Amino acid sequence: MTSPLTGQLPLPPGVGTAVRGPAGGMTRPAIRVTALGGGHGLSASLTALRHVAGHLTAIVTVADDGGSSGTIRREMAVLPPGDLRMALAALCDDTDWGRTWAQVMQHRFRSTEVDAEEATLDNHALGNLLIVALWELLGDPVDGLRWAGALLRAHGEVLPVSRVPLTIGGDVLSAGPDGGLRTRRVEGQVALAVAAFEGRVTDVRLSPSDAPATPEALAAIELADWVVLGPGSLYTSVLPHLLMPEVRQALDATAARRLMVLNLRTGDQETTGLTHADHLRVLHSHAPDLRLDVVIADVDAVTDRAAVEAEAARMGARVAFSRVSSAQDPQVHDPLRLAVAIDEAMTD
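Please read these numbers as outputs of a predicted model, since none were measured by experiment.

Here is what the cut-offs are and how they apply
- Residues numbered from 1 in each chain as written.
- Predicted model: local features only at pLDDT ≥ 70, side-chain atom pairs only at ≥ 80, totals over all residues.
- Heavy atoms only, no water.
- Buried < 20%, exposed > 50% of the residue type's maximum accessible area, 1.4 Å probe, protein only.
- Helix = DSSP H or I, 4+ residues; strand = E, 2+ residues; numbered from the N terminus.
- Pairing = 2+ DSSP bridges.
- Right-handed = clockwise from strand over helix to strand, strands pointing away.

**Q** Before we move on, can you summarise the pairing of strand 3 (residues 32-37) with the specific residues and values?
**A** A large share of strand 3 lies buried, amounting to 5 of its 6 residues. Alignment of strand 3 against strand 4 (residues 55-60), held across 6 bridges, turns out to be parallel. Considered in strand 4, the bridge of Leu36 is made with Ile59. Regarding topology, helix 1 (residues 39-49) serves as the crossover connection from strand 3 to the parallel strand 4, and that connection is right-handed. As defined by bridge partners, strand 3 adjoins strand 9 (residues 226-229) across 4 bridges and the pair is classed as parallel. Residue Ala35 lies in a different strand from strand 9, and its bridge partner there is Val228.

**Q** An account of unusual backbone geometry is requested, with residue identities and associated values reported.
**A** Note the cis peptide between Ser207 and Pro208, where omega equals -5 degrees. If you trace the backbone, Pro208 turns up in the loop between strand 8 (200-207) and helix 8 (215-223). With omega at -5 degrees, the peptide bond leading from Gly230 into Pro231 counts as cis. If you trace the backbone, Pro231 turns up in the loop between strand 9 and helix 9 (234-242). One non-glycine residue, Ala77, lies in the positive phi region at around 55 degrees. Structurally, Ala77 is set in the loop between helix 2 (67-76) and helix 3 (82-90). Although it is not a glycine, Arg153 adopts a positive phi angle of roughly 55 degrees. In this fold, Arg153 is placed in the loop between helix 6 (141-152) and strand 5 (157-160).

Okay, structure coming up:
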């Protein structure tokens, strides 16, 4: 395919080349990994996976409706670019070029305007604007992301799970004004996350329910040696992929092995009151046919080990307990520790 601006489109990042490992050598140059998710969780897994995978593809949720992404989505009728931007930044390497472009993509403008209505660029991420500019010029989200990846020299490819902007909604059980329980229907990712903090999510859904998955994403699942889920917000980053019938079918049909990385924290934000085992129960309830091979769990963060092992076994998986949190901040994953844990899981 040719671009009206520059001629031949670049090959998807990672095609025909191997991802370089942390020491400059090559780690598992032949292995293909496809990671599903969104937000900070997917960013954490990609930062680790680029040290492990020879060929790496990120499939990113497109249901975000908050912040800079939400504004751009509403005003320009495009996919929300924020989670896609974060995935691209995570695939930048540790060279001066990679570090600089990662910072550029993540840079947010801070307006000096006192009047909020006049501060039209305030809090917008430059990477979001760059991605949307490429979409407008090239006419296709996948082509635009490939050009962005080529500019960043990203170690892998970033794909939207659908070319159609999605809306996530859910039912939230919470206490009513009279002290009794009531169920509220909530629409929108931000609204669901807020409501879930105050209650218990009992169901989630996507609209349009028949939105087609990106063919390139389905092919990446089919051709992968490993598919990685998590970490990330359970209802708004992990589950949206599994709510799409085509993605569930692709996960069922692929010969790839499946690995899930559990979150370090549970019971806060949108999963108030849930344990690590509960996360797996929710996953199984929404995708009962999904089979896993390995679940990676932090040895310090997970306290309900027996329950986690039992829930993992229901999905066909063994649990690999490892120390994957940062020594400086136990609330976030350490990229190299997680890379080692994933590498060991793929070896066993």
